[in-house]
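# Architecture at a glance
These are the residues of each chain, in order.
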Amino acid sequence: MTSPLTVRQESELLAGSASAIALADSVIAGLGLPADGIPVHDPATGQRIASVPDVSAAGAVAELAIADAAGAAWARTTARHRASLLSRWYELIVEHTEEIAHLITREMGKTLAEARGEVKYGSDFVRLYAEEAVRPGGGFRDVPDGGSSLLIKRSPVGLAVLITPWNFPLAMATRKIAPALAAGCPVVVKPATLTPLTTCFVVELARRAGIPAELVRVVTTSKAGDFSDAVLRDPRTRKVSFTGSTPVGKQLLRIASDGVLRTSMELGGNGPLLVFDDADLERAVEGVFAAKLRNGGQSCIAANRIYVQDGIADAFVEAFAERLSASPVGNGFGEGVAVGPLIDERAVREMRALTDEAIADGAELRTGGATYEGPGQFFAPTVLDRVPAESRVANVEIFGPIAAIQRFSSEEEGIARANDTEFGLAGYVFTENLDRALNVADALETGLVGINQGVPSNAAAPFGGVKQSGLGREGSAEGLEEYQNVRFYNVARRASAEL
């Protein structure tokens, strides 16, 4: 077993952050949550910071009924009206950036700088769909044989059930809620019980913006299976969007098939990252750091399998290990902290197990590999070099700060190994050769590719995976279409003259 690092006391972790915590706690107090229910903890301290209601399946169906009743009137509103309310919601999110960022750090643990980045990223979805709402799809065309014309229109798909994960509690909510509202759909959103507070606050801001309270219903529950079974089988539900693990996504798809529901699934990843010999070393180190350590590695698009070409491998591993070993770990409110806590103790145990197993398999530990004594769920940023392809760390979604590095010789070998997985969410390529960059990106079996950058996500991009990483897209105009039905009217016309 790896040994713990220097003992870190709570007073050290919280040094200089009392006012920041107070701001987050004032937001929590304003939510009017119950004194008992599902506990919410700060992963940096282990402290219980709030409780949220534990809603039963029957209660969830009651919330669904409220949203559905409000949906008919919302579907009849003009696109301009919906866009105006979404714009006001966006403005309120921006106005409350600091409160939201502090709340994210308090309940999820990521650094305050990253939390502010999430507010920017998440609010961009609201702004984008305020703009997309007034760009209706559709068209008008004559049928080839004449005699009639086709009027193609889009309409709201209906009530949408949105299930969000814990790792990006703001962005994953706005990425689903905003396009649903823009399309004219009512929603029931179930945030993860580990991080429900941000969603509750952001939905409250939507209500302040003038979006009807009945239209967006938040359901928190510890009985996720009962919730899904009840609301997805309810005939009023017409759409489900889920971000989470592939096994859970498959179960939801089975239930959704009975009602022939529209589905969007952003599921697990096993992201390959290739660093070629001709990569700029400094840019590659910084890019891989972002792709691996963003959110402490707790991201579906995190670089999971890092392949480095032989000619640059030694220099890259040395520089990358130095970069990680110099990255301060601590409470996300701490000044200069680069890596916050993991979400819970189970995650820490998994990181320790993956590291120990990889070393036993023959991997070389270059830095990290240890836990911290004291409060909070911390694990040191870790670099494992020469990881055997059969080691578990090379075959599972790590979801933590472990960089598992393998080496490859040729471009063909790198591509083949990158695609040797049932998943296909994100991939990464680092090279200074434009032709190689585009050819390798084309060859990767993934839904998105970052070329010489570690953070490829953008609200204007159609985000989603292939293979067992999911179906459907979120973000961009394609994300709006996920909440719309396509219809056509066939209009009889006088026959055209034949020449």
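Here's a quick rundown of the structure. This is a predicted model, so every value here is computed, not measured. (Residues numbered from 1 in each chain as written. Predicted model: local features only at pLDDT ≥ 70, side-chain atom pairs only at ≥ 80, totals over all residues. Heavy atoms only, no water.)

### What about the pattern of salt bridges?
Stated formally: One speaks of a salt bridge when a side-chain nitrogen belonging to Lys or Arg is within 4 Å of a carboxyl oxygen belonging to Asp or Glu. Elements are defined by DSSP. Helices are runs of H or I of four residues or more, strands are runs of E of two residues or more, and each kind is numbered from the N terminus. Only protein chains enter the calculation, and the probe is 1.4 Å; a residue is then buried if its accessible area is under 20% of its type maximum, exposed if over 50%, and partly exposed in between.
Here the structure, examined in full by the defined rule, presents 33 salt bridges. Here arginine 106 makes a salt bridge to aspartate 42, at a shortest N to O gap of 2.7 Å. Linking arginine 106 in helix H5 (residues 97–108) with aspartate 42 in the loop between strand S1 (38–41) and strand S2 (48–52), this pair joins segments that are 64 residues apart in sequence. Linking aspartate 142 and arginine 493 is a salt bridge whose minimum nitrogen-to-oxygen distance equals 3.8 Å. A residue pair is termed long-range when its members are at least 10 positions apart, and aspartate 142 in strand S3 (residues 139–142) and arginine 493 in the segment after strand S20 (484–492) qualify at 351 residues. By relative accessible area, which is 54% here, aspartate 142 ends up exposed. With a relative accessible area of 45%, arginine 493 lands in the partly exposed category.

### With respect to the packing of helix H3 (residues 57–76) against helix H9 (residues 224–232)
To keep it simple, the criterion reads: In this analysis an axis means a line fitted to C-alpha atoms, helices contributing only their contacting stretch, and an angle means the value between N-to-C directions, from 0 to 180 degrees. Here roughly perpendicular refers to angles of 65 to 115 degrees, roughly parallel to angles under 35, roughly antiparallel to angles over 145, and oblique to all remaining angles. Note on convention: near helix rotated counterclockwise from far helix by under a right angle means a left-handed crossing. Clockwise means right-handed. In this description, contact between two residues means that some pair of their heavy atoms is separated by no more than 4.5 Å. Polar here means any residue outside two lists: the nonpolar Ala, Val, Leu, Ile, Met, Phe, Trp, Tyr, Cys and Pro, and the charged Asp, Glu, Lys and Arg; Gly therefore counts as polar.
Running from N to C, H3 and H9 point in directions that differ by 40°, and their axes come no closer than 9 Å. Viewed along their axes, H3 and H9 adopt a mutual orientation that is oblique. With respect to the hand of their crossing, H3 and H9 are arranged in right-handed fashion. Residues Ala57, Ala60, Val61 and Leu64 of H3 pack against Asp226, Phe227, Ala230 and Val231 of H9. Taken together, the residues that form the contact of H3 with H9 break down as 7 nonpolar, no polar and 1 charged.

### Some points on empty space enclosed by the protein
Heads up, the rule is: Lining residues are defined by having an atom within 4 Å of a point belonging to a cavity or pocket. Those points lie on a 1 Å grid over the protein atoms alone, cavities being sets where a 1.4 Å probe fits but cannot get out and pockets being open sets with protein on both sides within 12 Å along at least five of seven lines. Grid points are joined across faces, edges and corners, and a volume is the space filled by probe spheres set on the points.
Summed over the entire model, instances satisfying the criterion amount to 5 cavities of 30 Å³ or more. Among the residues making up the lining of the largest cavity, the classes are represented as 7 nonpolar, 4 polar and 3 charged. Put simply, the second largest cavity is a space of about 60 Å³. Along its surface, the second largest cavity is lined by 14 residues, and Pro272, Thr421, Phe423, Gly424 and Thr446 are the ones closest to its centre. Of all the secondary-structure elements, those providing two or more residues to the lining of the second largest cavity are strand S10 (271–275) and strand S15 (423–424). Its residues assigned to classes, the lining of the second largest cavity comprises 5 nonpolar, 6 polar and 3 charged.

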